[in-house]
Every structure is written in C-alpha cells, then in structure tokens.
Amino acid sequence: MLKRILNLPSGILMISGDGRKLSRIYLEAWAKRKGKALMEKPIFSSKGEVYIGNPFTADFPVYLIVNPLARKKHEREKLLRWLISKRNESKLVILHEEKYVADSIVRYRIRNCLDYLIAYKRETVGMELLKVYRLENGRIVERKTYVRRPMTSGFGSEL
C-alpha cells in the first residue's frame, strides 16, 4: 500500500506521529515527478525544487501542510475548504501532523478529505510501527500494518 501512495496521481495524505522521514520521502518523490513542491514550514531539509511559503496564496502541484489538527477552528475550516479545492484541481497534498492519530481520525472532520492516513509510532525498543489506512468518504475501507524492527544481534557485540 505504501508504493500505491507513492504513485498517486493526485490525492490527500496525512502522516501522523511526526514521521518526518516518511514526509520527506513522499514530498521529494512527488516533487521530482510533478516538478516542484511547496512546504508551509521548514520541518526538514529536502532536495529538489521544494519551496517554502503560504500554500493558500500559491499554486503548486504538491503541498506539505504542517499540524492541521492543532489549528484554531476558523483556520481548520479554511483548510478544509482549501483541501476540497485542491482535490478538485487534482493536486497532491501531504498533511504532516506531529500528534499521533490512528483509528481516532474518525473524530475529526478532516477525515472526509483524506485518501490515506499513515500513523507512525516509534516504540521504546526501537521498533517502528506504521499503520496505513485508506479512506473513502471519511470511512476507513482498508488498513495494513507494517513493523520495522532494529537490526541487532542481542545484548551487544559478542566476541
């Protein structure tokens, strides 16, 4: 499902749980394919034609919006209207949310605009957990879980 998201022609993806590495991978791949991208705030350094600016006043094929759920109510309403317009224009949008949101996405109105949600969680033992959800009309229709474990041989190097 992760490769399917990478090859989306248009759509809206939310990455929750502060998965900066994932956001960078998708933003750079989409920017390379579409030509350029706009990042609302610099949350990581990136390669290629990635600009920083106000997404509500610029026209780009790919956007990265930071912390959409932490905004005030009137800002969230403005963002929802903007997301609907970008969906109609067939743009690619990444919503990078630092707060971890998985199944609880159904409590937020923004769920109606999402095509995919990737919930990133780093466990205390170094294990990374990715929960990927495909949404249609605000409902979860498909889910998949990926686990990445650290590459260690035990309690340290053995002689």
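Remember, it's a predicted structure, so these values are computed and weren't measured experimentally.

Draft legend 1. Summary view of the overall build of the protein chain. When its secondary structure is counted, the protein chain shows three helices and eight strands. Sequence-ordered secondary structure for the protein chain, helices as α and strands as β, is α-β-α-β-β-β-α-β-β-β-β. Taken over the C-alpha trace, the protein chain has a radius of gyration of 16 Å; the compact-globule value for 159 residues is 15 Å, and the two agree within 12%. With the C-alpha coordinates aligned to their principal axes, the bounding extent of the protein chain is approximately 60 × 35 × 30 Å. A buried classification covers 42% of the 159 residues belonging to the protein chain. Put simply, 57% of the contacts in the protein chain that link residues at least 6 apart link residues at least 24 apart. In the structure as shown, the protein chain presents an accessible area of about 9400 Å², 50% of it carried by carbon and sulfur atoms. Across the protein chain, 33 positive and 17 negative side-chain charges occur, with their mean positions spaced 2 Å apart.

Draft legend 2. Up close: the environment of L80. Along the chain, the position of L80 falls in helix 3 (residues 73-88). Separated by 30 residues in the primary sequence, L80 and I110 have C-alpha atoms spaced 6.6 Å apart. Sequence-distant contacts of L80, that is, excluding residues within four places in its chain, are made with R109, I110 and C113.

Draft legend 3. Representation of the sheet that holds strand 7 (residues 128-136) in the model. Taken in spatial order, the eight strands make up an open sheet running 3-2-4-5-1-6-7-8, and their pairing is mixed. Both outer strands of the open sheet, strand 3 (50-52) and strand 8 (139-148), are each paired with one neighbouring strand and no more. Each neighbouring strand pair of the sheet contributes to a mean axis angle of 20°, computed without reference to strand direction. Looking at chain direction, strand 1 (residues 11-16) and strand 5 (residues 92-97) are connected through six bridges and run parallel. Looking at strand 5, one finds that I15 is bridged to H96. Packing of helix 2 (residues 20-34) onto the sheet brings it into contact with strand 1, strand 2 (37-39), strand 3, strand 4 (62-66), strand 5, strand 6 (116-122), strand 7 and strand 8, and relative to strand 5 it is tilted by some 165°.

Rules of the game
- Residues numbered from 1 in each chain as written.
- Predicted model: local features only at pLDDT ≥ 70, side-chain atom pairs only at ≥ 80, totals over all residues.
- Heavy atoms only, no water.
- Helix = DSSP H or I, 4+ residues; strand = E, 2+ residues; numbered from the N terminus.
- Rg over C-alpha atoms; globule rule 2.2 N^0.38 Å.
- Buried < 20%, exposed > 50% of the residue type's maximum accessible area, 1.4 Å probe, protein only.
- Contact = heavy atoms within 4.5 Å.
- Areas by Shrake-Rupley, 256 points an atom, 1.4 Å probe, with all protein chains shown as cover.
- Lys, Arg positive; Asp, Glu negative; His and termini not counted.
- Charge placed at Lys NZ, Arg CZ, Asp CG, Glu CD.
- Pairing = 2+ DSSP bridges.
- Axes fitted to C-alpha atoms, helices over the stretch in contact; angles between N-to-C directions.

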